[in-house]
Amino acid sequence: MSRIGVFICHCGSNIAGTVDVARVVEAARSFPNVVVADDNKYTCSDPGQQSIKEAIVEYNLDRIVIASCSPRMHELTFRKMLKDTSINPYMLEIANIREQCSWVHKDIEAGTVKAIDLVKMATAKVDKDTPLFTTTIPINKRALVIGGGIAGMQAALDIADAGYPVTIVEAEPSLGGKMVMLDKTFPTMDCSACICTPKMADVGSHPNITVKTLSEVEQVSGYVGNFEVTIREKAKYVDYATCTGCGLCETKCPTKVASEFDQGLGQRKAIYKPFAQAVPSKPTIDAAHCRKLTSDKCGVCEKLCPTKAINFADEDKLTTETYGAIVVAIGYKLIDWGALYGEYGGGRYSDVISGLQFERLVNASGPTEGHITRPSDGTEPKTVAIIKCVGSRDPEKGRSYCSRACCMYGAKHAHQYLDKVPDGRCYVFYMDVRTPGKGYDEFYMNTQHDGAVYLRGRVSKIFEQGGKLICKGEDTLIGKQVEVAADMVVLETAMVPADAADRLGSMLGVTRDKDLWLSEAHPKLRPVETNSGGIYLAGTCQGPKDIPDSVAQASAAAMKVAILFSKDELESNAMIAGSDASLCNGCGACVNICPYSAITLEEVTRRENSRMVTRQVSRVNPGLCQGCGACTVACKPGAMDLKGFSDEQIMKEVEALCQW
Amino acid sequence: MSVVDEKWEPTVLAFCCHWCTYSGADLAGLNRMNYPANIRVLRVPCSGRVNPQYVLTAFNKGCDGVLVCGCHPGDCHYVSGNYYAKRRMMAFKRLLEYTGLEPERFQVRWISGSEAGKFRDTVVDFCEKVRALGPYTGGAVSLSEGLGAGAELGVGAELGVGAELPQGGDAQ
Ligand SMILES: Cc1cc2nc3c(=O)[nH]c(=O)nc-3n(C[C@H](O)[C@H](O)[C@H](O)COP(=O)(O)OP(=O)(O)OC[C@H]3O[C@@H](n4cnc5c(N)ncnc54)[C@H](O)[C@@H]3O)c2cc1C
């Protein structure tokens, strides 16, 4: 038999004005197992709390009901109060007789009857309350950053500067991501390499950072504070411990391959560093193109290497380590416009290039040493058309969203072209010009002053005629068809999620939105957290953005990691699901339904009907469960229940309302 | 409905999720809105916590109307709980109607924490309709007892994470 105390608050006249508190107290005294019922002018005040504490001792109470304002207001206050008493803080129910009663009903009779009902329900529920306890989860203060673009690097540097060890896993042979491919960056036009490569070097030499390039996350298990991560470091065929990065191997390698870094506009060797300032500053062998590895011929690099660092027998290495937090920063890729936009030649015209290719063309260390020339014949284009929103804001063929950076880098490209080819003409086809950001609109205006001609409308077709690329479109401002005969066309294409986003998202329990961008926990208030505790997002993997936004988000994610790591242990939620092994039939319905991957099937051996039986039952991980209760409804045998909102409690509330 | 006792007041139970509808109801209070006192809110963490069995019990024990309210699709605090609720409750509603329950007595609504007005309007409208129908004397609802019922009815178990989650689109 429980011993319940019920305490009704007047909240001054807030409650007492429209609810007859004395009648509610009187009614409460008649409810089963209620030992004492009393009222209070302000229950949350110090004297109010004191009188409850005294009643707990005097009447030897083991649980209480407080009828007052919303539990969203003071449930925590009263739980804290109970910490100083003999009662477990979860042996408490609140009847909301203010926000949902006295404040919304003017009629005293109706309000009082309802208040009595609400107290009735709370009393029925508290009768079935059980003591709940939080557990503590240890935190491994080591962070994993997946992706080494500007966002990943910034996050890693901030976490490392806060004093915690960080591992960066980067899929490519070097850090840097897209930013290091860019020539200059809007709106200040500082050279991208000048601000990006020092960051790369800082990451590479930071005592708290371990860089794993040509690596991918293979498997993740565990939960906040305790992620077990298996990383595959692909074979590089070069021993980085002995390689000095002298580059002799690269100069003598006979095999040339189109350079990924130069977006196919230049070439690299089969043993290569993707670009001069790569970090780590050591080469890797591209196994698919190396003559030695494909046909056992050549091996010239091995013969030449002064430190004997070449190892053709190198293999992928798998390592498993524990991390407390994970920052995902895998960035974006550009939409495959060739496959989608046949009307732009679908990739057939070599002088129709992407924005990223333009960045390499205009870059002083790029394949043309910064001379803007046509890929087809190496001549300087005198007329350039820039087409924005290729794949963006195009729900039919591409994506419905705006890629956010293209209006600005489109203006940047126009500016750069007119700067380098002063007698050239530049046309920019646009749908809208979106330039919110510090100094952004001024930058766009300057580009117009430079002489860029902005034409509002989509280009419907590009075709070759007399050595020119004819861009047919409409100028919607004058309502006329226009044709631009261009020597080169630059397509500012949509950002889309990185290839790994979907797989990594499901591995980490991070949801993807309709376009497969990784989803933050709340679009406004929790922009870098995810729904999985201890996993954070930085940069464009969350959605299209420019460098300033990527960096800001990365530092925010790093701060979240530092906050997590500032404690030694984490208190888990007490109100979580739990499965009764004796009822569980191991069907696994709960496993599939859990949005946090908090439930697993586990083999147990237990005594059943005086026999030892080994079978699968579900187990809830207290570190991962958030207490939503979705699993409880899916459970056929009724084994799964939610602490604090148990089936029995809710049914008792319903019963009390109808039948007491 | 048969002749109704003049003093009869409908008993209306609303299962409201903590994060959206319950806080929307609190906001209605903060704004001193007015709505019928017949409504009794039962707080649950998530609309996905509501077992169809609770709804059955409510009708069997004497409720005249039941509401299940949660966050708008896409806004669930627990990622996907309201989608589970939507599918379970929609399937379950058809079943209840098949047993003879008037559709107006059981409704599912998505009300956010800022939609105090929508909460009030929903309660006003719902209570009015239930009052017009008179007391629930059905008893038609006599489906299997026991808490596996929701799953037993096939309206829960198969809704794995892979289940297609409709984007947008509101039950009401
Ligand atoms: C043509 C063009 C011009 C631009 N110009 C500007 C400009 O002037 N100013 C500006 O502010 N912004 C500009 N941007 C936008 C800018 O590129 C991005 O904002 C920025 O690069 C985003 O950085 P990030 O780190 O989020 O992503 P990324 O640069 O894409 O970096 C992601 C990193 O993660 C790695 N990765 C991917 N998958 C995995 C995996 N599974 N495991 C491990 N690693 C992985 C990638 O290899 C990459 O190194 C431009 C974009 C384009 C296309």
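Predicted model, so just to flag it, every value in this text is computed and none were measured.

### Brief notes about the overall build of chain B
Move 1: Assigned secondary structure in chain B consists of five helices and four strands.
Move 2: Starting at the N terminus and walking to the C terminus, you meet the elements of chain B as β-α-β-α-β-α-β-α-α.
Move 3: By sequence separation, contacts in chain B at least 24 residues apart represent 84% of the contacts at least 6 residues apart.
Move 4: A total of about 6,600 Å² of accessible surface is found on chain B, and carbon and sulfur atoms cover 51% of it.

### Structural notes on the environment of His289 of chain A
Move 1: Turning to its location among the elements, His289 of chain A is positioned in the loop between strand 16 (284-285) and helix 10 (291-295).
Move 2: Within polar-contact distance, the side chain of His289 of chain A engages the side chain of Asp286 of chain A at 2.8 Å.

### Regarding the packing of helix 2 (residues 21-29) of chain A against helix 6 (residues 108-127) of chain A
Residue and element names in this part refer to chain A.
Move 1: The geometry of helix 2 relative to helix 6 is characterised by a closest axis approach of 9 Å and an angle of 35 degrees between their N-to-C directions. Two packed elements cross with a definite hand, and for helix 2 against helix 6 that hand is right-handed. Mapping the contact onto sequence places Arg23, Val24, Ala27 and Ala28 in helix 2 and Glu109, Thr112, Val113, Ala115, Ile116 and Val119 in helix 6.
Move 2: Among the residues forming the contact of helix 2 with helix 6, the class breakdown is seven nonpolar, one polar and two charged.

### A word on the state of the cysteines
All names here are of chain A.
Move 1: Per the counting criterion, the structure on display carries one disulfide over all chains.
Move 2: Note that Cys191 is cross-linked by a disulfide to Cys194, the S-S spacing being 2.2 Å. One disulfide, between Cys191 and Cys194, carries an S-S torsion of 95 degrees and so falls in the right-handed class.
Move 3: You can call Cys191 partly exposed: its relative accessible area is 23%.
Move 4: Cysteine Cys389 remains unbridged, with the sulfur of Cys407 as its closest cysteine sulfur at 6.0 Å.

### Side note on the site of the ligand
All names here are of chain A.
Move 1: Near the ligand lie 37 residues; those nearest to it are Glu170, Tyr332, Lys412, Thr540 and Ile547.
Move 2: Separating an oxygen atom of the ligand from a backbone N or O atom of Lys545 is a distance of 2.8 Å.
Move 3: The protein chains hide 96% of the 1,000 Å² of surface that the ligand would expose on its own.
Move 4: At the level of elements, helix 7 (150-161), strand 8 (184-185), strand 19 (332-334), helix 13 (355-362), helix 14 (406-420) and helix 17 (547-565) are the ones that each hand at least two residues to the shell around the ligand.
Move 5: When its residues are assigned to classes, the shell around the ligand shows 18 nonpolar, 10 polar and nine charged.
Move 6: Inspection of the shell around the ligand shows a minimum of three residues originating in each of domain 2 (143-331 + 535-565) and domain 3 (332-496).

### Considering the packing of aromatic side chains
Residue and element names in this part refer to chain A.
Move 1: Per the counting criterion, the structure on display carries 12 aromatic pairs over all chains.
Move 2: The interplanar angle of 65 degrees and the centroid separation of 5.8 Å between the aromatic rings of Tyr401 and Trp517 together place this pair among those described as edge-to-face. One end of the pair, Tyr401, is in the loop between strand 21 (383-390) and helix 14; the other, Trp517, is in the loop between helix 16 (501-508) and strand 29 (535-537), with 116 residues separating them in the sequence. The pair formed by Tyr401 and Trp517 is uniform in burial state, with each residue classed as buried.
Move 3: Joined through ring pairs, the aromatic side chains of Tyr430, Tyr444 and Tyr454 make up one cluster.
Move 4: Seen from the ring of Phe645, Lys125 lies directly overhead, with NZ or CZ sitting 3.9 Å from the centre.

### Some points on the interface of chain B and chain A
Move 1: Facing the 53 residues of chain B at the interface are 49 residues of chain A.
Move 2: In this assembly, chain B packs against chain A so that about 4,400 Å² is buried in total across both faces, 62% of it on carbon and sulfur atoms.
Move 3: A per-residue breakdown of the area chain B buries against chain A is headed by Arg40, Arg49 and Lys61 of chain B, which together make up 16% of the total.
Move 4: Joining chain B to chain A, the criterion identifies six salt bridges.

### Let's talk about the side chain of Arg268 of chain A
Residue and element names in this part refer to chain A.
Move 1: With respect to the helices and strands, Arg268 occurs in strand 14 (residues 267-269).
Move 2: The exposure class of Arg268 is buried, given its relative accessible area of 8%.
Move 3: Separated by 2.8 Å, the side chains of Arg268 and Glu260 make a polar contact.
Move 4: Of the polar contacts made by the side chain of Arg268, one reaches the side chain of Asp286; its length is 2.8 Å.
Move 5: Excluding its chain neighbours within four sequence positions, the residues that come into contact with Arg268 are Thr255, Lys256, Val257, Ala258, Ser259, Glu260 and Asp286.

### Points about the nonpolar core
Within soluble globular proteins, side chains that are nonpolar generally end up buried alongside one another.
Move 1: Core analysis: the biggest nonpolar cluster contains 85 residues, and Phe15, Val55 and Phe106 of chain B have the highest contact counts within it.
Move 2: Per element, the largest residue contribution to this core is seven residues, and it comes from helix 6 of chain A.
Move 3: Two domains each provide a minimum of three residues to this core, namely domain 1 (4-126) and domain 4 (577-643) of chain A.
Move 4: If near-sequence neighbours (up to four positions away) are discounted, Phe106 of chain B is found in contact with Val55, Phe59, Val66, Val68, Met89, Phe92, Lys93, Leu96, Leu101 and Phe126 of chain B.
Move 5: By size, the runner-up hydrophobic cluster in this structure holds 55 residues, among which are Met408, Cys426, Val459 and Val484 of chain A.

### Focus on the confidence of the model for chain B
All names here are of chain B.
Move 1: On average, residues of chain B score 83 in pLDDT, and 77% of them are at 70 or above.
Move 2: For residues 144-172, every residue scores under 50 in pLDDT, and the model assigns this stretch 70 contacts once sequence neighbours within four places are set aside.
Move 3: In the predicted assembly, ipTM is 0.87 and pTM is 0.80.

### Considering the domain arrangement of chain A
Move 1: When cut into domains, chain A gives domain 1 (4-126), domain 2 (143-331 + 535-565), domain 3 (332-496) and domain 4 (577-643).
Move 2: The C-alpha centroid of domain 4 of chain A is placed 56 Å from the C-alpha centroid of domain 3 of chain A.

### Here's the deal with the sheet that holds strand 6 (residues 143-146) of chain A
All names here are of chain A.
Move 1: Here five strands make up an open sheet; going across it, the order is 10-7-6-18-29 and the pairing parallel. Edge positions in the sheet fall to strand 10 (209-212) and strand 29, since each has one partner strand and no second. Here the average twist between neighbouring strands, direction ignored, is 20 degrees.
Move 2: Relative to strand 29, strand 18 (residues 325-328) runs parallel, the two sharing three bridges. For Val327, the partnering residue across the bridge sits in strand 29 and is Tyr536.
Move 3: Strands in contact with helix 16 are strand 6, strand 18 and strand 29; relative to strand 18, the strand with the most contacts, it is inclined by about 160 degrees.

### A few points about the sheet that holds strand 2 (residues 34-40) of chain A
All names here are of chain A.
Move 1: Strand order in the open sheet made by the four strands is 2-1-3-4, with parallel pairing throughout. Each edge of the open sheet carries a strand with a single partner, namely strand 2 and strand 4 (92-96). Strand-to-strand, the axes of this sheet are offset by a mean angle of 15 degrees, without reference to chain direction.
Move 2: The pairing of strand 1 (residues 4-9) with strand 2 spans six bridges and is parallel. Note that in strand 2 the partner of Cys9 across the bridge is Asn40.

### Structural notes on helix 3 (residues 46-58) of chain A
Residues and elements named next belong to chain A.
Move 1: Helix length check: helix 3 (13 residues) gives 18 Å between terminal C-alpha atoms against 18 Å at 1.5 Å per residue, within 8%.
Move 2: Buried residues of helix 3: Gly48, Gln49, Ile52, Ala55 and Ile56, and no others. An end-on view of helix 3 places all buried positions within 120 degrees of arc, on one side of the element. When the buried face of helix 3 is taken as reference, the exposed residues oriented beyond 90 degrees from it are Asp46, Pro47, Val57 and Glu58.
Move 3: On its buried side, helix 3 packs onto strand 1, strand 2, strand 3 (63-68) and helix 4 (71-83).
Move 4: Backbone geometry just after helix 3 places Asn60 at a positive phi near 55 degrees.

### Description of the pairing of strand 1 (residues 12-17) of chain B
All names here are of chain B.
Move 1: Burial within strand 1 is extensive, with six of its six residues counted as buried.
Move 2: Of the two faces of strand 1, the one lined by Val12, Ala14 and Cys16 and the one lined by Leu13, Phe15 and Cys17 are each fully buried.
Move 3: Across six bridges, the pairing between strand 1 and strand 2 (residues 39-44) is parallel. Within strand 2, the residue paired with Leu13 across the bridge is Arg40.
Move 4: Between the parallel elements strand 1 and strand 2, the chain passes through helix 1 (residues 21-30) in a crossover that is right-handed.

Thresholds, definitions, all that
Residues numbered from 1 in each chain as written. Chains lettered and ligands numbered in written order. Predicted model: local features only at pLDDT ≥ 70, side-chain atom pairs only at ≥ 80, totals over all residues. Heavy atoms only, no water. Helix = DSSP H or I, 4+ residues; strand = E, 2+ residues; numbered from the N terminus. Contact = heavy atoms within 4.5 Å. Areas by Shrake-Rupley, 256 points an atom, 1.4 Å probe, with all protein chains shown as cover. Polar contact = N/O pair within 3.5 Å; in protein donor to acceptor, adjacent residues only side chain to side chain. Axes fitted to C-alpha atoms, helices over the stretch in contact; angles between N-to-C directions. Left-handed = near helix turned anticlockwise from the far one by under 90°. Nonpolar A, V, L, I, M, F, W, Y, C, P; charged D, E, K, R; others polar. Disulfide = S-S within 2.5 Å. Buried < 20%, exposed > 50% of the residue type's maximum accessible area, 1.4 Å probe, protein only. Near = heavy atom within 4 Å. Domains from an automatic or database assignment. Phe/Tyr/Trp six-rings, centres within 6.5 Å; stacked < 30°, edge-to-face > 60°. Lys NZ or Arg CZ within 6 Å of the ring centre and 35° of its normal. Buried area = accessible area lost by both parts, 1.4 Å probe. Salt bridge = Lys/Arg side-chain N within 4 Å of Asp/Glu carboxyl O. Core = buried A, V, L, I, M, F, W, Y, C linked by side-chain atoms within 4.5 Å. pLDDT = per-residue confidence, 0-100. Pairing = 2+ DSSP bridges. Expected span 1.5 Å × (residues − 1). Arc of directions from axis to C-beta. Right-handed = clockwise from strand over helix to strand, strands pointing away.

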